[in-house]
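Read off the chains here:
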Amino acid sequence: MSGEDRSFSGREIAAFATFSVLAVLLGVGAYQIGYHRISGHQAGGASMAATQGAAPINGQTLFASNCAGCHGATGGGGVGPNLKTAAGWALPDFGEAVLHGNAPGGRKLSAVMPHFAQQGLDGEPPTDKQIKAIHDYLAGVK
Ligand code: HEC
């Protein structure tokens with residue numbers, strides 16, 4: 001009898017206690033990660049809605065979120081070409097390229113370049129003011 005009792009005390013109890021503590025810690029950790037994900041998501045959604053409603057149009061921000069992934073952080077080129085030349089195009093030409101994929105001289109841009117009239121800027125239908133803001137931004141950094 002006392003032999004069996006001994007087998008349940010000491011190391012086994014310590015191991016069980018350690019396991020329980022770890023299980024609780026893991027549970028709390030997982031709960032907190034989930035909690036932060038959810039609350040972070042909600043806060044992000046709210047601030048985005050506020051930005052779209054109130055913030056002035058910012059060419060740099062628009063470029064960063066819609067174009068920089070392909071054309072480089074300041075339009076220096078990447079998957080898409082350097083936009084130095086396009087920064088010098090007349091605004092209507094620039095708009096036609098960005099919105100419909102038609103470059104000056106009847107040149108069709110490849111399908112890799114999105115047609116932003118359909119795709120939208122930041123998920124919203126693009127406005128003339130936004131196109132002008134992006135054009136002004138590029139003219140400023142080029
Ligand atoms: C998915 C990648 C991608 C995104 C995002 C993208 N572009 Fe492009 N863009 C390209 C590629 C590739 C070309 C080259 C197409 C060709 O020459 O046929 C191009 C070409 C252009 C051109 C013509 C440049 C020239 O000199 O011929 C302009 C202007 C342009 N993009 C502006 C923009 C703007 C402004 C945005 C954001 C609103 C944007 N692009 C977003 C890939 C992209």
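Please refer to the structure higher up on the page.
Nothing here was measured: the structure is a model prediction, and the numbers come from that model.

Procedures and definitions
- Residues numbered from 1 in each chain as written.
- Predicted model: local features only at pLDDT ≥ 70, side-chain atom pairs only at ≥ 80, totals over all residues.
- Heavy atoms only, no water.
- Salt bridge = Lys/Arg side-chain N within 4 Å of Asp/Glu carboxyl O.
- Helix = DSSP H or I, 4+ residues; strand = E, 2+ residues; numbered from the N terminus.
- Buried < 20%, exposed > 50% of the residue type's maximum accessible area, 1.4 Å probe, protein only.
- Phe/Tyr/Trp six-rings, centres within 6.5 Å; stacked < 30°, edge-to-face > 60°.
- Donors = N, O, S within 2.8 Å, 3.2 Å for Na, K, Ca; no water.
- Tetrahedral: all angles 85-135°; square planar, octahedral: opposite > 155°, others 65-115°.

Chemist: Is there a simple way to explain the pattern of salt bridges in this structure?
Modeler: Where side chains of opposite charge bring their charged atoms close, a pairing between them can arise. A full pass over the atoms with the stated rule returns 1 salt bridge. In this structure, the salt-bridge partner of D136 is K132, at a minimum N-O distance of 2.8 Å. Placement of the pair is D136 and K132 together in helix α8 (residues 128-141), with a separation of 4 residues, close to one helical turn. You can call K132 partly exposed: its relative accessible area is 40%.

Chemist: How should I be thinking about the packing of aromatic side chains in this particular structure?
Modeler: For any pair of aromatic rings, the description rests on two quantities: the centre-to-centre distance and the angle between the ring planes. Across all of its chains, the model carries 1 aromatic pair by this definition. Summarising the aromatic geometry, the rings of F63 and Y137 are spaced 5.5 Å apart at their centres and angled 45 degrees between planes, so their arrangement reads as tilted. With F63 in helix α3 (residues 59-66) and Y137 in helix α8, this residue pair connects regions lying 74 residues apart in the sequence.

Chemist: Sorry if this is basic, but what is going on with the coordination of the iron atom of the ligand here?
Modeler: Tetrahedral coordination by four donors sets the ideal angle at the metal to 109.5 degrees; octahedral coordination by six donors sets it to 90 or 180 degrees. For the iron atom of the ligand, the full set of protein donor atoms is H71 (NE2) and M113 (SD), and the range of their distances to it is 1.9 to 2.1 Å. With 6 donor atoms in place around the iron atom of the ligand and angles of 87 to 179 degrees between them, the coordination shape is octahedral. Residue H71 is found in helix α4 (residues 68-71), and its partner M113 is found in the loop between β2 (107-108) and α7 (116-119); the two are separated by 42 residues along the sequence.

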